[in-house]
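Below, each chain spelled out in residue letters.
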Amino acid sequence: DAGITQSPRHKVTETGTPVTLRCHQTENHRYMYWYRQDPGHGLRLIHYSYGVKDTDKGEVSDGYSVSRSKTEDFLLTLESATSSQTSVYFCAISDVRGGDTQYFGPGTRLTVL
Amino acid sequence: EDQVTQSPEALRLQEGESSSLNCSYTVSGLRGLFWYRQDPGKGPEFLFTLYSAGEEKEKERLKATLTKKESFLHITAPKPEDSATYLCAVQSRDDKIIFGKGTRLHILP
């Protein structure tokens with residue numbers, strides 16, 4: 001497995017609380033991505049990063065922010081969690097901007113009550 | 001609008017019964033089409049990349065093919081360990097990656 005870890009792996013929180021998910025890589029890949037996966041939807045891109053402090057929005061970025069202060073860490077923050085953000089969140093990394101070299105982490109299951 | 005449609009949503013096969021999964025797409029300038037395998041509770045695992053119509057890739061019992069409008073993932077003589085969800089994704093000319101909803105494949109022993 002590519003060296004990608006996500007923490008926490010499971011989290012239950014209440015509506016209105018802030019939540020931060022962490023993705024850590026040991027591969028020194030340039031690109032890092034946050035996706036969410038929901039029943040009835042394909043994986044949807046939330047945000048991605050193309051370098052330290054360089055980030056951009058994906059197709060479902062509303063309600064989420066990200067930060068990347070080091071090559072190896074990419075944080076996803078839900079400023080005020082809502083029930084619609086209950087999902088499984090996957091981090092992915094790649095050396096180039098593309099699908100074939102994307103390696104995915106194990107996922108974080110987030111439940112917002 | 002760019003989109004990816006996978007069919008069927010779910011497929012149950014007997015061990016050894018060959019079949020195909022379909023991924024049809026509309027995208028502005030295809031840069032690549034990707035197949036992933038996803039096991040329950042895990043992240044997707046990359047299988048293949050196809051870049052142009054007519055291209056084929058093989059790995060063990062799996063073969064992926066590509067035309068101008070769709071891709072097929074052929075599974076020959078499947079085994080129970082091939083049971084998983086198979087995801088298709090496309091990359092557009094502006095580097096947007098769009099995933100399909102997946103096909104859940106169950107191989108019965």
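Remember, it's a predicted structure, so these values are computed and weren't measured experimentally.

Definitions and cut-offs
- Residues numbered from 1 in each chain as written.
- Chains lettered and ligands numbered in written order.
- Predicted model: local features only at pLDDT ≥ 70, side-chain atom pairs only at ≥ 80, totals over all residues.
- Heavy atoms only, no water.
- Contact = heavy atoms within 4.5 Å.
- Buried area = accessible area lost by both parts, 1.4 Å probe.
- Salt bridge = Lys/Arg side-chain N within 4 Å of Asp/Glu carboxyl O.
- Polar contact = N/O pair within 3.5 Å; in protein donor to acceptor, adjacent residues only side chain to side chain.
- Nonpolar A, V, L, I, M, F, W, Y, C, P; charged D, E, K, R; others polar.
- Disulfide = S-S within 2.5 Å.
- Helix = DSSP H or I, 4+ residues; strand = E, 2+ residues; numbered from the N terminus.
- Buried < 20%, exposed > 50% of the residue type's maximum accessible area, 1.4 Å probe, protein only.

Engineer: Looking at this structure, how should I read the interface of chain A and chain B?
Structural biologist: How large an interface is tends to be reported as the accessible area lost when its parts come together. Contacts between the two partners involve 16 residues from chain A, matched on the other side by 17 residues from chain B. In this assembly, chain A packs against chain B so that about 1,300 Å² is buried in total across both faces, 53% of it on carbon and sulfur atoms. At the junction of chain A with chain B, the criterion picks out 0 salt bridges. Between the two partners, chain A and chain B, sit 2 residue pairs in polar contact (both at pLDDT 80 or more). In the side of chain A that touches chain B, the residues fall into 5 nonpolar, 8 polar and 3 charged.

Engineer: Which parts of the structure should I look at to understand the state of the cysteines?
Structural biologist: Disulfides are covalent bonds that connect the sulfur atoms of two cysteines. Under the defined criterion, the tally for this structure stands at 2 disulfides over all chains. The disulfide partner of Cys23(A) is Cys91(A), and the gap between their sulfur atoms is 1.9 Å. Taking the sign of the torsion about the S-S bond as the criterion, the disulfide between Cys23(A) and Cys91(A), at about -70°, is left-handed. Of this pair, Cys23(A) sits in strand S3 (residues 19-25) while Cys91(A) sits in strand S9 (residues 87-94), and the two are 68 residues apart along the sequence. With respect to burial, Cys23(A) and Cys91(A) carry one shared label: buried. Through a disulfide, Cys23(B) is tied to Cys88(B); the S-S separation comes to 1.9 Å. The chirality of the disulfide connecting Cys23(B) with Cys88(B) is left-handed, given an S-S dihedral of about -65°. In this pair, Cys23(B) sits in strand S3 (residues 19-26) while Cys88(B) sits in strand S9 (residues 84-91), placing the two residues 65 residues apart along the sequence.

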